[in-house]
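Read off the chains here:
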Amino acid sequence: MSEVRPGSDSRESIVRAIVRWFCAVQFMIYGFAKVNGSQFTVLDSQLATPLEDVSAFWLVWYFFGYSGLYKGFIALIEIGGGVLLAFRRTALLGTLVLLAAIVNIVLIDIGFGVAQAGLPMAIVLMCGLLYLLLPHVRQLLAVVLVHHESLRATRMATLGGVVLAGVVAFSFTYWVANFNNRLPTEIDGTWEVLGEQTENISHVFFERNRAFQVVFRDEDGALRNHHFEIDGGRIRIWQEWLSKGDLLAEGDLVGPDVIELRFTDGAQATLGRLFGPRS
């Protein structure tokens, strides 16, 4: 029999208490940072930057701060989870609540380059929660993995159903992405109006990721969605996407990077390709 060292349990308890309180305080700090406005605030200079030029950091920072409700929910999770961690009776519940949140934060920090200086702390907190969770793994597995007697034929049928469901789900979403949402054409991409702006239009976007949709950007930055079709270099644009409505313009692809458009009100426009689709 192995000998248990006197005081080993007490030292373990002290270490866990230190980790528990460290995580609790840190999560409460992060939670109240959102309440008090020291996180998820965006600079005016970033708000004035075109979306394509916004860095991943500011894109995510703005996204999380856009909704006060969502930002408040995150703060509630972090503050509430920190309070739960502080009490030994509710520490496991707090660990489970916060572990999902911190894993998501770590993935966001890595994937989007958000606050690289904060990534080490996020990893430390995740490891701390895993350390607190470790003694309860067997209990949790006993709860979530329900013991159920079943015949081999039943298990095989279930496995076959899972595989079939996966194939159907993959096939359907692949069709949606590549045949329903996308119908690639030779004019997909961003075009600018050459010469004088016509119909107050500065740019035209033939969307690759939304079949038949063309978007006009006006001089003031407003966007207008329309329906387009191209056949043999002849382009037709209608007022309403998909339902078409009134014919808005007709034109021709007169060169690889030049389109001549004639609007039904008599106006004309020459479009020059800026670049092809970016995604």
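Residues numbered from 1 in each chain as written. Predicted model: local features only at pLDDT ≥ 70, side-chain atom pairs only at ≥ 80, totals over all residues. Heavy atoms only, no water.

Q: Even after reading the chapter, I still don't get the layout of surface pockets, so can you show me in this structure?
A: To find leftover empty space, one rolls a probe the size of a water molecule over the atoms. Here the largest pocket defines a volume of roughly 600 Å³. Contributing to the lining of the largest pocket are 21 residues, with E52, T190, F205, F275 and R278 lying nearest its centre. Those elements that provide at least two residues to the lining of the largest pocket are β1 (189–194), β2 (201–206), β3 (213–218) and β8 (268–275). Tallying contributions element by element places β2 first for the lining of the largest pocket, with three residues. A breakdown of the residues in the lining of the largest pocket according to their chemical character gives nine nonpolar, six polar and six charged. The volume enclosed by the second largest pocket comes to roughly 500 Å³. In terms of lining, the second largest pocket is formed by 25 residues, of which the most central are K34, F40, I74, E78 and I105. Within the residue set of the lining of the second largest pocket, elements represented by two or more residues are α1 (8–35), α3 (56–66), α4 (68–86), α5 (91–112) and α6 (119–133). (1 Å grid on protein atoms, 1.4 Å probe; cavity = no way out; pocket = protein on both sides within 12 Å on 5 of 7 lines; lining within 4 Å. Points joined across faces, edges and corners; volume = space filled by probe spheres on them. Helix = DSSP H or I, 4+ residues; strand = E, 2+ residues; numbered from the N terminus. Nonpolar A, V, L, I, M, F, W, Y, C, P; charged D, E, K, R; others polar.)

Q: Is there a simple way to explain the packing of aromatic side chains in this structure?
A: Each aromatic ring pair is characterised by the separation of its centres together with the angle its planes make. Scanning the entire structure with this criterion turns up 13 aromatic pairs. Here F57 and W58 contribute two aromatic rings whose centre-to-centre distance is 4.9 Å and whose plane-to-plane angle is 80 degrees, an arrangement assigned as edge-to-face. Judged by its relative accessible area of 18%, W58 is buried. Chaining the aromatic ring pairs together yields one cluster made of F40, F57, W58, W61, F63, F64 and Y70. Its end group placed over the ring of Y131, R16 keeps NZ or CZ at 4.1 Å from the ring centre. The aromatic ring of W238 is capped on one face by K244, whose charged end is 4.4 Å from the ring centroid. (Phe/Tyr/Trp six-rings, centres within 6.5 Å; stacked < 30°, edge-to-face > 60°. Buried < 20%, exposed > 50% of the residue type's maximum accessible area, 1.4 Å probe, protein only. Lys NZ or Arg CZ within 6 Å of the ring centre and 35° of its normal.)

Q: I tried to follow the pattern of salt bridges on my own but got confused; where do I start?
A: A side chain of one charge can pair with a side chain of the opposite charge when the charged atoms of the two come close. Under the criterion given, the structure shown has seven salt bridges. Of the charged contacts, one joins K34 and E78 as a salt bridge, the two residues approaching to 3.0 Å between their closest N and O atoms. With K34 in helix α1 and E78 in helix α4, this residue pair connects regions lying 44 residues apart in the sequence. The exposure class of E78 is buried, given its relative accessible area of 3%. Note that E229 is salt-bridged to K244, the shortest N-O span being 3.2 Å. With E229 in strand β4 (residues 223–231) and K244 in strand β6 (residues 244–255), the pair connects residues that are 15 residues apart, well separated along the chain. For E229, a relative accessible area of 29% gives the class partly exposed. K244 sits in the partly exposed class, given a relative accessible area of 27%. One network of salt bridges, in which partners are shared, links R234, R236 and E250. (Salt bridge = Lys/Arg side-chain N within 4 Å of Asp/Glu carboxyl O.)

Q: Looking at this structure, how should I read the sheet that holds β6?
A: Within a sheet, adjacent strands bond to each other through the backbone by hydrogen bonds, running parallel or antiparallel. Taken together, the eight strands give a closed barrel; going around it, the order is β1-β2-β3-β4-β5-β6-β7-β8, and neighbouring strands pair in antiparallel fashion. Here the average twist between neighbouring strands, direction ignored, is 30 degrees. The pairing of β4 with strand β5 (residues 234–240) spans five bridges and is antiparallel. Note on β5: the bridge partner recorded for D231 is R234. (Pairing = 2+ DSSP bridges. Axes fitted to C-alpha atoms, helices over the stretch in contact; angles between N-to-C directions.)

Q: Hey, could you run me through the nonpolar core in this one?
A: A general feature of soluble globular proteins is that nonpolar side chains tend to end up buried together. Among the nonpolar cores identified, the biggest contains 20 residues, and F206 and I237 are the most heavily contacted of them. Within the residue set of this core, elements represented by two or more residues are β1, β2, β3, β4, β5, β6, β7 (258–263) and β8. Sequence-distant contacts of F206, defined by excluding residues within four places in its chain, comprise I187, D188, G189, W191, Q213, V214, F228, I259 and L271. Judged by nonpolar contacts, the second largest core, of 16 residues, contains F27, I102, L132 and L133. (Core = buried A, V, L, I, M, F, W, Y, C linked by side-chain atoms within 4.5 Å. Contact = heavy atoms within 4.5 Å.)

Geometric descriptors of this kind do not, in isolation, establish any biological role.
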